[in-house]
Structure formats: C-alpha cells, structure tokens
Amino acid sequence: MNPQLDLLHPYPFAKMATLLADSVPASDYETIKLGIGEPKHEPPAFVLKVLAENLNKVQNYPSTNGLPELRQAIAQWLKQRFRLTAIDTDSQIIPVMGTREALFSFVQAAIDGSKVADSHEKPLVVMPNPFYQIYEGATLLAGAEPYFVDCHADNEFKGDYRSVPSEIWQRTQVVFVCSPNNPTGAVFSEADWQALIELSDQHDFIIASDECYSELYFDKAPVGLLEVCANMGRNDYKNCIVFHSLSKRSNLPGLRSGFVAGDASLLKPYLQYRTYQGCALPIHHQLASIAAWQDETHVAENRNLYAQKFDLWITELGDTLKLTKPDAGFYFWVPVPEQFKDAQGQPDDEAFVKALFEKVNINALAGRYLSREVNGVNPGKGFVRLALVASVEESREAITRIKTLLT
C-alpha cells in the first residue's frame with residue numbers, strides 16, 4: 001500500500017469517538033447533534049422533484065465535464081453572485097461530485113515534485129490552521145508537505161498569509177483559503193485577496209479557495225476570489241481556482257454536487273485527470289443541480305433560518321458561553337468556559353465536550369481535533385465547534401441544557 005497513508009491523521013470524528021469511548025451519554029435526554037456540519041434544513045422540494053423525474057437517466061454514462069446546460073447555469077450564477085464580466089462555460093468551469101472530492105483530487109493533479117529545487121525537499125501546500133482535514137490529507141497523499149498558517153484572535157481568525165517567510169513561498173505550489181472559514185466563520189476581505197494574489201504573482205503558486213459556505217451570510221455577501229480577480233481586470237483568473245457546492249447553500253449534502261471554476265490553463269489538465277479518475281456527476285444529479293443554481297428564494301430562506309438560530313443562541317447564551325457571531329457560515333467557534341481546565345490550568349476543550357455528552361447528551365467537536373500543533377501551539381485547543389444545524393426547537397433545548405450544565 002501507499003506508504004503515505006501512514007502519515008494520515010485520524011479524522012476529527014474518529015478522535016471524538018476515541019475520546020468518548022468510555023463515556024455514557026446522559027440517559028435523561030435525547031441526543032442533539034451539534035458536532036458535524038451536516039445541514040438539517042429541508043432540501044428544496046422542486047429540486048427533489050427534478051431528481052425524481054429523471055431517475056431513468058441512470059442508464060446513461062455522464063460526461064466528465066458535465067452537461068452544457070449545467071455549466072451554463074453555474075456560469076450565470078457566478079456572474080450574478082460575484083459580478084463577473086466573463087466566465088467561459090467550456091474552459092473555466094467543471095462540475096464535480098461535491099467540494100470534498102474536488103479539493104482532494106485537485107491537489108493530486110496540481111502537485112509537481114520536479115519543481116522543487118532541492119531534491120531532498122518536498123513541495124509545500126499552505127493552509128489555514130484550524131482547517132478542513134481534506135486539505136492535509138490531499139497534500140500528504142500527493143507527496144507534498146503541509147505548511148500551517150495559524151488562525152487566532154490576533155489575526156481575526158483569518159490567518160496572516162503575509163507573514164509566511166519567502167523561503168516557504170519558494171517551495172509552495174498550492175495555497176488553500178477557506179472563506180468563510182470552517183470553523184471560525186471568518187471572511188477574507190478584498191484587500192486580503194489582493195495581497196494573496198500579489199504573492200501568487202510573485203511566487204507562482206495556485207490559490208485554491210474553498211467557498212462552500214459563501215451563501216450562509218447575515219448582512220453582507222462575502223467577497224469571492226474570482227470576484228476580486230474580475231475587479232482587478234484579471235478575467236483569465238490566473239492561478240486562481242474556486243470550489244463551490246450545493247451542500248450548504250441548498251441543504252443538499254447527499255446530492256454530492258458542486259463545481260470548480262477559474263484559470264482555464266489549470267482546469268484543462270485537471271479535466272484530463274478527472275477523466276481517468278472516473279468522477280462524473282450523474283445526469284439526474286446534474287439536472288437537479290441546474291434547478292438549484294437557478295433559484296435564490298430557497299437560499300434566502302435558508303439564511304433566515306440560520307440567522308434566527310444565531311440570534312437565539314446569542315440572546316439566550318451569549319454571555320454565559322462568550323458567543324461571537326461569525327462573519328458567515330453556520331458554526332460557533334466557542335472559547336471553553338472557565339470551569340473546564342486541564343492539569344496545567346489551560347482551557348480544556350476535550351473536558352468540555354465530554355461534559356456536554358455525559359451530562360446533557362449534546363455532541364460537539366473539540367477544537368484541537370481541527371488543528372495541528374505548530375511550535376508547541378495548537379490554535380484550536382481551548383475552543384469547541386458548535387454547528388447550528390439542528391432545528392430551532394432543538395436549539396432551544398440545547399441552550400436550556402447548556403445553561404443547566406454551566407450554572
């Protein structure tokens with residue numbers, strides 16, 4: 001087997017399972033799941049109708065680059081949402097089976113070990129810390145090394161990419177940005193994107209922007225990487241790639257439908273890679289996706305539901321848990337309450353999630369499992385991620401239980 005497999009870390013939820021292996025959930029309560037970011041809002045009925053009406057398409061092989069109608073629907077959405085003046089449906093868009101699959105496969109296709117000057121060194125992939133673990137796994141299995149940019153309060157939980165040393169940039173081939181960020185909810189500004197694009201021009205690395213939470217905002221829509229490129233007059237989107245999905249936007253995680261868009265010179269070889277990989281979105285999924293990308297009403301309703309829940313949590317529990325409303329997304333990045341400390345007197349996220357499980361039967365995710373320790377510091381340690389995916393009613397119940405636990 002590939003020896004790089006030995007470098008992979010257990011997934012965060014596997015670490016949680018190990019942590020709670022000897023724990024017994026509070027039997028007086030039904031489980032409330034706030035640990036995993038799986039949307040629970042109702043998917044749009046009209047999309048399911050299109051899906052059901054086209055089940056007979058399972059008898060046809062889908063093409064790797066998708067239906068022209070789907071690419072056109074995506075292009076129209078990109079133009080409307082990010083005010084793009086130009087996006088070519090044939091060369092700058094590829095439908096994919098969700099962002100997770102595409103994030104992983106893109107790195108496999110993009111890494112070029114021959115570009116590293118020192119044969120004893122590996123290419124680097126720069127990524128935020130904490131992060132979506134696919135970034136790291138894809139990097140390791142491509143024979144590269146991750147370089148972590150810590151996200152903490154001092155840099156507004158976005159990470160300071162401008163602080164990366166020049167010798168690191170010389171080995172860097174891909175830079176991941178997650179905006180809105182999972183788990184912190186921080187959003188890159190136009191100035192942040194411009195600075196990273198300038199670094200890309202200087203050091204010739206690819207910017208891979210994971211924007212799958214971009215439609216879950218409150219007041220102002222987050223700016224996207226391609227939008228900033230367009231504002232700079234860069235309609236070729238040189239070295240810039242974005243990843244979008246219907247999972248969070250439209251509550252369709254099981255549809256496994258998304259797309260990659262950007263620099264045609266990168267997407268052409270990536271499409272060839274995908275042809276060999278055999279990852280093509282089923283035709284009935286593509287037709288349902290067209291309907292989803294063409295409608296914004298259900299997306300606005302989705303945002304309203306999340307806004308209600310964030311307001312409820314902050315009103316009822318904001319002071320007790322020191323909750324801060326994120327810029328976007330559906331996560332709270334919660335500092336561990338004072339009463340949960342480790343032997344060194346530091347906030348203990350593992351102790352807090354164990355107490356939530358054992359005392360009030362709430363599933364949450366320890367922040368340290370979403371991060372890596374760098375120079376003795378794990379930026380996720382002392383935080384817990386809460387996903388506000390449960391219903392408003394379940395949210396009210398969860399708030400009541402947490403109040404009971406903390407008072």
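Residues numbered from 1 in each chain as written. Predicted model: local features only at pLDDT ≥ 70, side-chain atom pairs only at ≥ 80, totals over all residues. Heavy atoms only, no water.

Visitor: Which residues make up the packing of helix 4 (residues 98-110) against helix 10 (residues 264-277), and what values do they have?
Guide: Relative orientation of the contacting elements helix 4 and helix 10 amounts to 110°, with a least axis distance of 10 Å. Between helix 4 and helix 10, the crossing angle belongs to the class labelled roughly perpendicular. As helix 4 runs across helix 10, the sense of the crossing is right-handed. Contacts from E101, A102, S105, F106, Q108 and A109 in helix 4 reach Y270, Y273, R274 and Q277 in helix 10. For the contact of helix 4 with helix 10, the residue count by class is five nonpolar, three polar and two charged. (Axes fitted to C-alpha atoms, helices over the stretch in contact; angles between N-to-C directions. Helix = DSSP H or I, 4+ residues; strand = E, 2+ residues; numbered from the N terminus. Parallel < 35°, antiparallel > 145°, perpendicular 65-115°, else oblique. Left-handed = near helix turned anticlockwise from the far one by under 90°. Contact = heavy atoms within 4.5 Å. Nonpolar A, V, L, I, M, F, W, Y, C, P; charged D, E, K, R; others polar.)

Visitor: Lay out the packing of aromatic side chains with the relevant residues and their values.
Guide: Taken as a whole and judged by the stated rule, the model has 23 aromatic pairs. When the ring of Y11 is compared with that of F13, the centres are 6.2 Å apart and the planes differ by 45°; the resulting orientation is tilted. Under the relative-accessibility criterion, F13 is labelled partly exposed at 32%. Ring geometry for Y306 against F330: centres 5.4 Å apart, planes inclined by 35°, an arrangement best described as tilted. With Y306 in helix 12 (residues 297-321) and F330 in the loop between helix 12 and strand 9 (331-335), this residue pair connects regions lying 24 residues apart in the sequence. Judged by relative accessible area, which is 0%, F330 ranks as buried. Through pairs of rings, three or more aromatic residues link up here, namely W77, F82, F259 and W293. Over the aromatic face of F218 sits the side chain of K325, whose NZ or CZ is 4.3 Å from the ring centroid. (Phe/Tyr/Trp six-rings, centres within 6.5 Å; stacked < 30°, edge-to-face > 60°. Buried < 20%, exposed > 50% of the residue type's maximum accessible area, 1.4 Å probe, protein only. Lys NZ or Arg CZ within 6 Å of the ring centre and 35° of its normal.)

Visitor: Please provide a residue-by-residue account of the environment of G318, values included.
Guide: Structurally, G318 is set in helix 12. Distance from G318 to Q308, taken between C-alpha atoms, is 14 Å for residues 10 residues apart in sequence. Beyond its immediate chain neighbours, meaning those up to four positions away, G318 contacts W313 and L323.

Visitor: Lay out the nonpolar core in plain terms, naming residues and giving numbers.
Guide: Note that soluble globular proteins tend to have their nonpolar side chains buried in a common cluster. L78, W193 and L196 are the most contacted members of the largest nonpolar core, which totals 48 residues. For this core, the leading source of residues is helix 3 (residues 68-82), giving seven residues. Beyond its immediate sequence surroundings of up to four residues, L78 is in contact with R83, L84, I87, I93, F259 and A261. Core analysis: the second largest hydrophobic core is formed by 40 residues, I32, F357, L365 and L406 among them. (Core = buried A, V, L, I, M, F, W, Y, C linked by side-chain atoms within 4.5 Å.)

Visitor: I'd like to hear about the pairing of strand 2 (residues 93-96), residue by residue, with values.
Guide: In strand 2, alternate side chains face the same way, and those of I93 and P95 on one face and I94 and V96 on the other are all buried. The pairing of strand 2 with strand 8 (residues 258-262) spans four bridges and is antiparallel. Each residue of the ladder has a partner; that of P95, found in strand 8, is F259. (Pairing = 2+ DSSP bridges.)

Visitor: Give a description of the side chain of R303 that names residues and reports values.
Guide: Structurally, R303 can be placed in helix 12. For the buried residue R303, which engages in no salt bridge, the nearest side chain bearing the opposite charge is E215, 4.4 Å off. Beyond its immediate chain neighbours, meaning those up to four positions away, R303 contacts E215, L216 and Y217. (Lys, Arg positive; Asp, Glu negative; His and termini not counted. Salt bridge = Lys/Arg side-chain N within 4 Å of Asp/Glu carboxyl O.)

Visitor: Let's hear about the pairing of strand 3 (residues 124-129): which residues, and what values?
Guide: Burial analysis of strand 3 places six of its six residues in the buried class, the great majority of the element. Where strand 3 lies against strand 4 (residues 145-150), six bridges are found, and the strand directions are parallel. In the sheet register, M127 faces strand 4, and the bridge partner there is F148. One crossover worth recording links strand 3 to the parallel strand 4 by way of helix 5 (residues 133-141), and it is right-handed. Sheet analysis places strand 3 next to strand 5 (residues 172-178), joined by three bridges and oriented parallel. When the sheet's bridge partners are listed, L124 is paired in strand 5 with T172. (Right-handed = clockwise from strand over helix to strand, strands pointing away.)

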